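Letter by letter, the chains look like this.
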Amino acid sequence: MTNIFYRATSPLASAILLIFLGKQLSVVEFGSYSIYISISALISMFAAGIYRKSLVRFGSSDKRNLFGLLLSVIIISVVILCCSLIFHLFGSAFVALVMLFAAGTLIYDSVLDTLIVLDNFIVFAILSILRPTLIIFIMTYYTITDIEGAIAIIAITYLVLGCLAAILLMTRYMREKAIFRFFQYAQYALPLLAGSIFTYIIDNSGRFLILHFSDPQALGIFAFTYSAGQQAVGSIMTVIYSTYFPKLVRSYDAKDSDTFSNLKYFLLKCYIIVLLGIFITYLIIDKILLLLNLTDYQGNSLLFLIIMVAIWLGTVKTYYVDLVFLLRKETGVLFNILVFGALVTVTIGYFLVPNFAAYGAGLASFFGFLLMLFMSMRISALRFREID
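Rules and cut-offs
- Residues numbered from 1 in each chain as written.
- Predicted model: local features only at pLDDT ≥ 70, side-chain atom pairs only at ≥ 80, totals over all residues.
- Heavy atoms only, no water.
- Helix = DSSP H or I, 4+ residues; strand = E, 2+ residues; numbered from the N terminus.
- Rg over C-alpha atoms; globule rule 2.2 N^0.38 Å.
- Buried < 20%, exposed > 50% of the residue type's maximum accessible area, 1.4 Å probe, protein only.
- Core = buried A, V, L, I, M, F, W, Y, C linked by side-chain atoms within 4.5 Å.
- Contact = heavy atoms within 4.5 Å.
- Expected span 1.5 Å × (residues − 1).
- 1 Å grid on protein atoms, 1.4 Å probe; cavity = no way out; pocket = protein on both sides within 12 Å on 5 of 7 lines; lining within 4 Å.
- Points joined across faces, edges and corners; volume = space filled by probe spheres on them.
- Nonpolar A, V, L, I, M, F, W, Y, C, P; charged D, E, K, R; others polar.
- Phe/Tyr/Trp six-rings, centres within 6.5 Å; stacked < 30°, edge-to-face > 60°.
- Patch = residues over 30% accessible without salt bridge, like charges linked within 9 Å, V, L, I, M, F, W, Y side chains within 5 Å.
- Areas by Shrake-Rupley, 256 points an atom, 1.4 Å probe, with all protein chains shown as cover.
- Salt bridge = Lys/Arg side-chain N within 4 Å of Asp/Glu carboxyl O.
- Disulfide = S-S within 2.5 Å.
- pLDDT = per-residue confidence, 0-100.

1. Side note on the overall build of the chain
A tally of regular secondary structure across the chain gives 13 helices and 0 strands. Ordered by position in the sequence, the α and β elements of the chain form the string α-α-α-α-α-α-α-α-α-α-α-α-α. For 388 residues, the compact-globule estimate of 2.2 N^0.38 gives 21 Å, and the C-alpha radius of gyration of the chain, at 20 Å, lies within 12% of that figure. Here the chain holds 388 residues, and 53% of them are scored as buried.

Structure follows, in structure tokens:
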């Protein structure tokens, strides 16, 4: 439980930063901010997806894998940073900022994953707390209210913290010789990476459809609501899962069925509790927004509910139902499900967003995640019995 407490500092820090940006930026500017994040996430995924996807799974089994994977991510981050500087010199400010953000978040998030595998949750918590603290202090001190300034400060903070932590990890923990098993990583991670592309489509298609069919105000409302739902639901479930996934890997590899079953049952109970919390949040969300002085986003409680339930469905699929595929390294099974989910989400969104804007995008995500969950449950049922 102590590890969960330390691990929870990351979503808590993200929530604090979200609230601050919701106040600091206008609704339209927040929509633009979400586009920067979406594009930078795509760059990170293509540049280092194989290594990021393999880090926890292979790092939990052999620390030498962990050190090799982290070093690879650091090198890729440096390359992206150099590209950002080149674009900046040639006057392409938008691309330069996007790539700077991608480099910063890539190295920062990879360091956090490494700390989880090493069970160093104290340093994890310190890094998580420093992130919003520094960003809020710098933006407030220099009165930065424009979107470009906000993106630059956030990206540089990620980059500096990630680099400092990576140097400390290299000098203190990484005494063993790092190993690089690219083909083994690729065999495991490529299906996951291909699936991540379609997961990206599911998570981000709503933003781009609203940007195309609707107005910037609707984009900002949807982006904030979706981000808040991810913090309130997705991050909490990710904390629980990422804290216990290394233990699940070790118990599965050791064929310790009792420990594995107990951990899996514990995850299920946690996810059910989160679902109950979603409906309680729906009843009081407008009061929470008023309390936080985020009145521009009031009056959308139904949208909050739709998105929070959609994210819950998606995380249950990924962090519980799909667990059997990840542990058995049969990640290719997930690909068809994600392709189907992406097609459903984009198709529904294409027809609903022009008329219902943010609500149409929310419903598209809900039905996409729901159908994917049913498909995963059907396919994985027999394999769960085999593990038990």
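2. Details of the nonpolar core
Residues Leu 21, Phe 224, Tyr 271 and Trp 312 are the most contacted members of the largest nonpolar core, which totals 125 residues. By residue number, the principal contributor to this core is helix H9 (residues 216–253), which donates 16 residues. Leaving out residues up to four positions away in the same chain, Phe 224 has contacts with Leu 18, Gly 22, Phe 30, Leu 289, Leu 294, Tyr 297 and Phe 304.

3. Quick word on helix H11 (residues 301–321)
Taking 1.5 Å of rise per residue, 21 residues should cover 30 Å, and H11 covers 29 Å from first to last C-alpha, within 8% of that figure. With respect to burial, H11 is a largely interior element, 19 of its 21 residues being buried.

4. A short note on the layout of surface pockets
Counted as a void, the largest pocket has a volume near 360 Å³. Together, 19 residues line the largest pocket, and Ala 15, Ile 19, Ala 228, Gln 231 and Ala 232 are the ones closest to its centre. Residue assignment for the lining of the largest pocket shows that the elements contributing at least two residues are helix H2 (9–24), H9, helix H10 (257–291) and H11. Per-element accounting of the lining of the largest pocket gives the leading share, 6 residues, to H9. The class makeup of the residues in the lining of the largest pocket is 16 nonpolar, 3 polar and no charged.

5. Focus on the packing of aromatic side chains
Within this structure, the stated rule accounts for 10 aromatic pairs. Between Phe 222 and Tyr 226, the ring centres sit 5.5 Å apart and the planes meet at 40 degrees, which makes this aromatic pair tilted. Taken together, the residues span about one helical turn, with Phe 222 and Tyr 226 both in helix H9 at a distance of 4 residues. Phe 222 gets classed as buried once you look at its relative accessible area, which sits at 1%. When its relative accessible area of 1% is taken as the criterion, Tyr 226 is described as buried. Ring geometry for Phe 224 versus Tyr 297: centroids 4.0 Å apart, planes at 15 degrees, classification stacked. In this pair, Phe 224 sits in helix H9 while Tyr 297 sits in the loop between H10 and H11, placing the two residues 73 residues apart along the sequence. The buried category is assigned to Phe 224, whose relative accessible area is 3%. The exposure class of Tyr 297 is buried, given its relative accessible area of 1%. An aromatic cluster is defined as three or more aromatic residues linked by ring pairs; in this entry it consists of Phe 30, Tyr 33, Phe 224 and Tyr 297.

6. Digging into a nonpolar patch on the surface
Taken together, the side chains of Ile 122, Ile 126, Leu 130 and Leu 134 define a hydrophobic patch exposed on the protein surface, amounting to about 320 Å² of accessible area. Topologically, Ile 126 is positioned in helix H6 (residues 121–141). For Ile 126, a relative accessible area of 47% translates into the label partly exposed.

7. Quick notes on the state of the cysteines
Within this structure, the stated rule accounts for 0 disulfides. Among the cysteines around Cys 83, which has no disulfide bond, Cys 82 carries the closest sulfur, lying 7.0 Å off. A residue is classified by how much of its surface remains accessible, and Cys 83, at 28% relative accessible area, is partly exposed.

8. Focus: the environment of Lys 287
Here Lys 287 is to be found in helix H10. Separated by 11 residues in the primary sequence, Lys 287 and Gln 298 have C-alpha atoms spaced 8.6 Å apart.

9. Thoughts on the confidence of the model for the chain
When pLDDT is averaged across the chain, the result is 84; 91% of the residues are at 70 or more. No element of the chain has a lower mean pLDDT than helix H1 (residues 2–7), which averages 60, and none a higher one than H11, which averages 90.

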